[in-house]
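Observations on chain architecture
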Amino acid sequence: MQMASSFKCLLVLYFLLLSLYFTQISRAGDIVEEGILYIDGVSSIAKIDKDFICATLDWWPPTKCDYGTCSWGNASLLNLDLSNKVLVNAIRAFSPLTIRLGGTLQDKLIYQTMHDKQPCLPFFHDDTELFKFTQGCLPLSRWDELNEFFKKTGAKVTFGLNTLNGKKIASDGRTALGDWDSSNAESLIRYTVSRGYNIHGWELGNELNGNGIGPAISADQYACDIIALQKLVQDIYKGKDVMPLILAPGGIFDAIWFPKFINKASNSLQVVTHHIYSVGGGDDTNLVQKILEPSHLDEESKYLQNLQGVLRNSGTSAVAWVGESGGVYNSGRNLVSNSFVSGFWYLDQMGMSATFDTKTYCRQTLVGGNYGLLNTTTFHPNPDYYGYALEASFSMLFFSKTRLTASSTELIALLWHRLMGRNVLSTQFQGMKKLRSYAHCSKSSEGIALMLINMHSSITVNISLSVTVANTNESPMLLQVTNDQNARHEIEREEYHLTAKDGDLHSQTVLLNGNELNVDHFGRIPLLEPVRVNPSHPISIAPLSIVFVHIPSIQVPACSMYTREYM
Ligand SMILES: *[C@@H]1O[C@H](CO)[C@@H](O)[C@H](O)[C@H]1NC(C)=O
Ligand SMILES: *[C@@H]1O[C@H](CO)[C@@H](O)[C@H](O)[C@H]1NC(C)=O
Ligand SMILES: *[C@@H]1O[C@H](CO)[C@@H](O)[C@H](O)[C@H]1NC(C)=O
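Residues numbered from 1 in each chain as written. Chains lettered and ligands numbered in written order. Predicted model: local features only at pLDDT ≥ 70, side-chain atom pairs only at ≥ 80, totals over all residues.

Per an unreviewed UniProt entry, the chain carries the name Heparanase-like protein 3 and comes from Solanum lycopersicum. In UniProt, the chain has this text filed under Sequence similarities (unreviewed entry): "Belongs to the glycosyl hydrolase 79 family." Quoted verbatim from the Function (unreviewed entry) field of the UniProt record, the comment on the chain reads "Endoglycosidase which is a cell surface and extracellular matrix-degrading enzyme. Cleaves heparan sulfate proteoglycans (HSPGs) into heparan sulfate side chains and core proteoglycans." (UniProt positions renumbered as here; feature names shortened; annotations may be inferred.)

1. With respect to the overall build of the chain
Looking only at helices and strands, one finds 12 helices and 29 strands in the chain. Scored against the burial criterion, the 567 residues of the chain give a buried share of 50%. The contacts of the chain with a sequence gap of at least 6 include a subset with a gap of at least 24, amounting to 75%. (Helix = DSSP H or I, 4+ residues; strand = E, 2+ residues; numbered from the N terminus. Buried ≥ 20, exposed ≤ 12 C-beta atoms within 10 Å, placed from the backbone. Contact = placed C-beta atoms within 7 Å.)

2. Describing the environment of Thr273
If you trace the backbone, Thr273 turns up in strand β13 (residues 271-276). Classification of Thr273 as buried rests on a count of 26 C-beta atoms within 10 Å. When the C-alpha positions of Thr273 and Asn206 are compared, they lie 9.7 Å apart, and in sequence the two are 67 residues distant. With near-sequence residues (within four places) excluded, Thr273 lies in contact with Glu203, Leu247, Ala248, Pro249, Gly250, Trp321 and Gly323.

3. Focus: the nonpolar core
Ile99, Ile226, Ile448, Leu450 and Leu452 are the most contacted members of the largest nonpolar core, which has 140 residues in total. Counting residues per element, this core draws most heavily on helix α9 (residues 342-355), which supplies 7 residues. A domain-level breakdown of this core finds at least three residues from each of domain 1 (28-46 + 422-566) and domain 2 (48-420). Filtering out sequence-adjacent residues up to four positions away, Ile99 remains in contact with Cys54, Ala55, Thr56, Leu57, Ala155, Val157 and Leu366. (Core = buried A, V, L, I, M, F, W, Y, C linked by C-beta atoms within 7 Å. Domains from an automatic or database assignment.)

4. A short note on the pairing of strand β21 (residues 448-454)
Remember that side chains alternate between the two faces of the sheet whenever the strand is regular. Where burial is concerned, most of β21 is hidden: 7 out of the 7 residues are buried. The pairing of strand β20 (residues 435-441) with β21 spans 7 bridges and is antiparallel. Bridge pairing links Tyr438 to Met451 in β21. Hairpin connection between β20 and β21: a loop of 6 residues separates the two successive antiparallel strands, and Gly447 in this loop has a positive phi of roughly 95°. Inspection of the sheet shows β21 paired to strand β29 (residues 545-551) by 7 bridges, in the antiparallel sense. By the bridge assignment, Ile448 is partnered in β29 with Ile551. (Pairing = 2+ DSSP bridges.)

5. Considerations on the packing of helix α8 (residues 294-314) against α9
Two elements in contact, α8 and α9, have axes separated by 10 Å at closest approach and are oriented at 30°. As the angle between them shows, α8 and α9 are arranged roughly parallel. Seen along the crossing, α8 lies across α9 with a hand that is right-handed. Contacts between α8 and α9 involve Leu297, Glu300, Ser301 and Leu304 from the former and Trp345, Asp348, Gln349, Met352 and Ser353 from the latter. Grouping the amino acids of the contact of α8 with α9 by side-chain chemistry returns 4 nonpolar, 3 polar and 2 charged. (Axes fitted to C-alpha atoms, helices over the stretch in contact; angles between N-to-C directions. Parallel < 35°, antiparallel > 145°, perpendicular 65-115°, else oblique. Left-handed = near helix turned anticlockwise from the far one by under 90°. Nonpolar A, V, L, I, M, F, W, Y, C, P; charged D, E, K, R; others polar.)

6. With respect to the site of ligand 2
As a structural note, the neighbourhood of ligand 2 is formed by Asn334, Asn338, Asn370, Asn375, Thr376, Thr377, Thr378 and Gln508. Its residues assigned to classes, the shell around ligand 2 comprises no nonpolar, 8 polar and no charged. (Near = placed C-beta within 6 Å.)

7. Topic: α9
An ideal rise of 1.5 Å per residue puts 20 Å on 14 residues; α9 measures up with 20 Å between its terminal C-alpha atoms. α9 sits mainly inside the fold: 14 of its 14 residues count as buried. The first or second residue beyond α9 is Asp357, which carries a positive phi of 70°. (Expected span 1.5 Å × (residues − 1).)

8. Some points on the sheet that holds strand β8 (residues 156-161)
Judged by pairing direction, the barrel is parallel, and its 8 strands sit side by side in the order β4-β5-β8-β11-β12-β13-β15-β17 before closing back on the first. Going from strand to strand, the sheet's axes swing by 25° on average, the running direction of each strand aside. Of the pairings in the sheet, the one linking strand β12 (residues 245-252) to β13 comprises 5 bridges and is parallel in character. Along β13, the bridge assignment pairs Ala248 with Val272.

9. With respect to the environment of Glu495
Along the chain, Glu495 turns up in strand β24 (residues 493-500). Look at Glu495 and you get buried, because 20 C-beta atoms sit within 10 Å. Counting along the chain gives 17 residues from Glu495 to Leu512, while the straight-line C-alpha distance between them is 9.8 Å. Apart from the residues lying within four places of it in its own chain, the contact partners of Glu495 are Pro530, Val531, Val533, Ile539, Val547 and Val549.

Okay, structure coming up:
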């Protein structure tokens, strides 16, 4: 007994000494650990779309409830207040924000036609119906309003069509059989084109590939339906300058279904969309632990990598999008998926998706449920919204200092428009396991941009950079960037430190470099200003913080003028 406890003491002492060896206690009493971030600057590993950032709008009515909570309010495409100034500004700020219109009820939605005699009614709750709602109808007048709104806000829109039209559910209660009846979709698309509405892409179906809830369509049947959609779209848009994208299947990745579908449909679609709900259900009691656990977050990388391989092997020119990702399924969880802590999975998954050549990433939702980027009733941005905006804003500040006096809305719109380096760089962090790192080329300015996420609750990580700038026969040429007295001191590094207000992970208020971000009296989105730092100092990442860094002074071959697209 005595022996065991003194052994335990020794062991504790040993670990304490060991950790002291690697860490230093700062004056404030925080633990500071050092780490090295290795970045391969020789060539990029993936390339994202210019408008990588996307968010969704859904059809769920106010009567959609999960676990006794009805979180959708008036956030449906059928009843959203399109005149709300904050909503308009929040979308405009991205200029353009890609918006995916769709969700479960898209496969129960019909579209009013020009000379319809039938009443065009919204969804009504009915437990006996598929997805627990009756068939709903999109009035053409509402479609007009929505398109006016998208035009006004500069949104780039993809529309999810109803693929259950014409299908019958087999006696197993699950398999959806028969060809897609495209007549109602055709009338909507023809109307849309006749009105000159700009739809970036038409998607077919939502989570019907057998892995989601509800009916399942076989890969072969789905491919036939996609081929039909493409023919239809080509016919309707004949002679137009721009052909919209065809997207499908908008389902959870499945290692058997997806390759089958892609091999058969790949000549008829441009985008393979898949959905991710990797954190857990809205009633899960361990959501926060999972969000802050790197091994949990890493699980998704298997599927992303697998899909990347399937696309490569099939020889298709189709690309991958994350068509819908909300983290927490069944409408999210209040004060989790709409609070500061959500940013840890969300930004991490965006960074991770980019490394596997995902071209666009759609967050469920822009507004609606408990996972909106915007508050459902006030439309004021939740913390994740700013992460989005920042992901877009890296390099722009550098490039457009003269425009900093513009309104915040315009500024962020500008930032977003030029944002996000398309080239993704490979990183490897040597140090604390709960530090996640992602690097891209800056988009419209020189240098690189980093996203660093510290999931540890008490350790600050001080990071030095080591960047490979050339591969020689013997050893890679390294550029030791920090702690380098010869660094180009005159060019400051720009840092954006995001933390939760009062250190409360469930807070819906986010601090940027210690200052609260709030919409002003006019409903305008605030300026996102960096702190400027001497580039020879380490980058210091506080516990439970997310940090974006723009380093103009690091110039690498992967981000040279020739490999990066200027715009
Ligand atoms: C939704 O809008 C209707 C009509 O304007 C209003 O009566 C209702 O209170 C709103 N519901 C919510 C949850 O805001
Ligand atoms: C939206 O904002 C209001 C006012 O700040 C707040 O009371 C409410 O909890 C927020 N709703 C959600 C779902 O976050
Ligand atoms: C960590 O980095 C910060 C910012 O560069 C610096 O002020 C601090 O002294 C560093 N701490 C340690 C222990 O190296």
